[in-house]
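# Topology and contacts: notes
What follows is the residue order along each chain.
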Amino acid sequence: MAYVLFTLSVLLVMGFVGFSSKPSPIYGGLALIVSGVVGCVIVLNCGGVYMGLVMFLVYLGGMMVVFGYTTAMAIEEYPETWGSGLEVLGGLLVGLMMEVVLVLWVLSLDETVVVSFSDTGDWVIFEGEGSGLIRGDSIGAGALYDYGRWLVVVAGWTLFVGVYIVIEIVRGN
Amino acid sequence: MTPTYMNIMLAFTISLLGMLTYRSHLVASLLCLEGMMMSLFIMTTLIASNMHFPLINIMPIILLVFAACETAVGLALLISISNTYGLDYVHNLNLLQC
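Residues numbered from 1 in each chain as written. Chains lettered and ligands numbered in written order. Predicted model: local features only at pLDDT ≥ 70, side-chain atom pairs only at ≥ 80, totals over all residues. Heavy atoms only, no water.

The name given to chain B in an unreviewed UniProt entry is NADH-ubiquinone oxidoreductase chain 4L, with the source organism recorded as Macaca fascicularis. As its UniProt record puts it under Function (unreviewed entry), chain B is described as follows: "Core subunit of the mitochondrial membrane respiratory chain NADH dehydrogenase (Complex I) which catalyzes electron transfer from NADH through the respiratory chain, using ubiquinone as an electron acceptor. Part of the enzyme membrane arm which is embedded in the lipid bilayer and involved in proton translocation." (UniProt positions renumbered as here; feature names shortened; annotations may be inferred.)

Where an unreviewed UniProt entry is consulted, chain A appears under the name NADH-ubiquinone oxidoreductase chain 6, with the organism given as Macaca fascicularis. Its UniProt record, at the heading Catalytic activity (unreviewed entry), says of chain A: "a ubiquinone + NADH + 5 H(+)(in) = a ubiquinol + NAD(+) + 4 H(+)(out)". Heading Sequence similarities (unreviewed entry) of the UniProt record for chain A holds this comment: "Belongs to the complex I subunit 6 family."

Below you can see the structure in the form of structure tokens.
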């Protein structure tokens, strides 16, 4: 299906509307995880295999788990889901309606919606003795440790200071 | 404007609106902040793939790293609020009294 990337991006927007309509945070976390999975599939569709893996591991596997059990600490007795109460349901319906109208408007234009999102493909190296094969995005991310040496050092130091700050905050000054 | 890029920017805007409006919980705004970071990650990764410019891939990774750090600090504040007030309701934050 030629429209698969567009359909996935529409599903991404619908997932974002799902947690932006602010239900109780445990349901918001669920919508964020679903949006994350859809976003990861979008990235994979465009050839970003390494970036999709990083997003799955670090983002969904790490941060959402932390969000999950932190939210479990701050939960109330009757969490508010999308069907309970008019505010959340109204926000969700307005967002979905807006997205449907936008999709119909875009499809009614006579432009070429079937865009050729060709992936990065594999970069074949012809140099020296023999030939090799590299993936574009993993090589690009690997350049972080080559051209961006100082950035890695600064980011590492920042994270260390950040962890120290987190410990001090939780300890209560 | 390619419709997929339009949808991803729309997702960013929807998360931004969700973060700026408060209902009862504070952690819901943190979730919307996470959504913003995720949409930025997807956007920059798609641009790096479609322009065949692999070096841009450094930016989403660094963005994700600092977003994780920011999440940790936000959750730590949430925990300290939850320890003081019991729940993270926004109307509990009334020290400023304005």
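### Overview of the interface of chain B and chain A
Listed per partner, the contact involves 58 residues of chain B and 69 residues of chain A. Summed over both partners, the interface of chain B with chain A buries about 5,500 Å², with 79% contributed by carbon and sulfur atoms. Counting the surface chain B buries against chain A, the share from its top three residues, Arg23(B), Leu31(B) and Met38(B), is 13%. For the interface between chain B and chain A, the tally reads one salt bridge. (Contact = heavy atoms within 4.5 Å. Buried area = accessible area lost by both parts, 1.4 Å probe. Salt bridge = Lys/Arg side-chain N within 4 Å of Asp/Glu carboxyl O.)

### Here we look at the UniProt feature "transmembrane region" (unreviewed entry) in chain B
If you check UniProt for "transmembrane region" (unreviewed entry), the listed places come out as residues 28-49 and 61-81 of chain B in our numbering. Along residues 61-81 of chain B one finds 100% helix and 0% strand; the C-alpha atoms at either end are 30 Å apart. (Helix = DSSP H or I, 4+ residues; strand = E, 2+ residues; numbered from the N terminus.)

### Description of the packing of helix H1 (residues 4-20) of chain A against helix H4 (residues 86-108) of chain A
The relative placement of two packed helices is expressed as an angle between their axes plus a distance between the axes. All names here are of chain A. Two elements in contact, H1 and H4, have axes whose closest approach is 9 Å; the angle formed by their N-to-C orientations is 160°. Between H1 and H4, the interaxial angle falls into the category roughly antiparallel. Crossing of H1 against H4: the hand is right-handed. Contacts between H1 and H4 involve Phe-6, Val-10, Val-13, Met-14, Val-17 and Gly-18 on the former and, on the latter, Gly-91, Leu-92, Gly-95, Leu-96, Glu-99, Val-100, Val-103, Val-106 and Leu-107. Residues belonging to the contact of H1 with H4 are distributed by class as follows: 11 nonpolar, three polar and one charged. (Axes fitted to C-alpha atoms, helices over the stretch in contact; angles between N-to-C directions. Parallel < 35°, antiparallel > 145°, perpendicular 65-115°, else oblique. Left-handed = near helix turned anticlockwise from the far one by under 90°. Nonpolar A, V, L, I, M, F, W, Y, C, P; charged D, E, K, R; others polar.)

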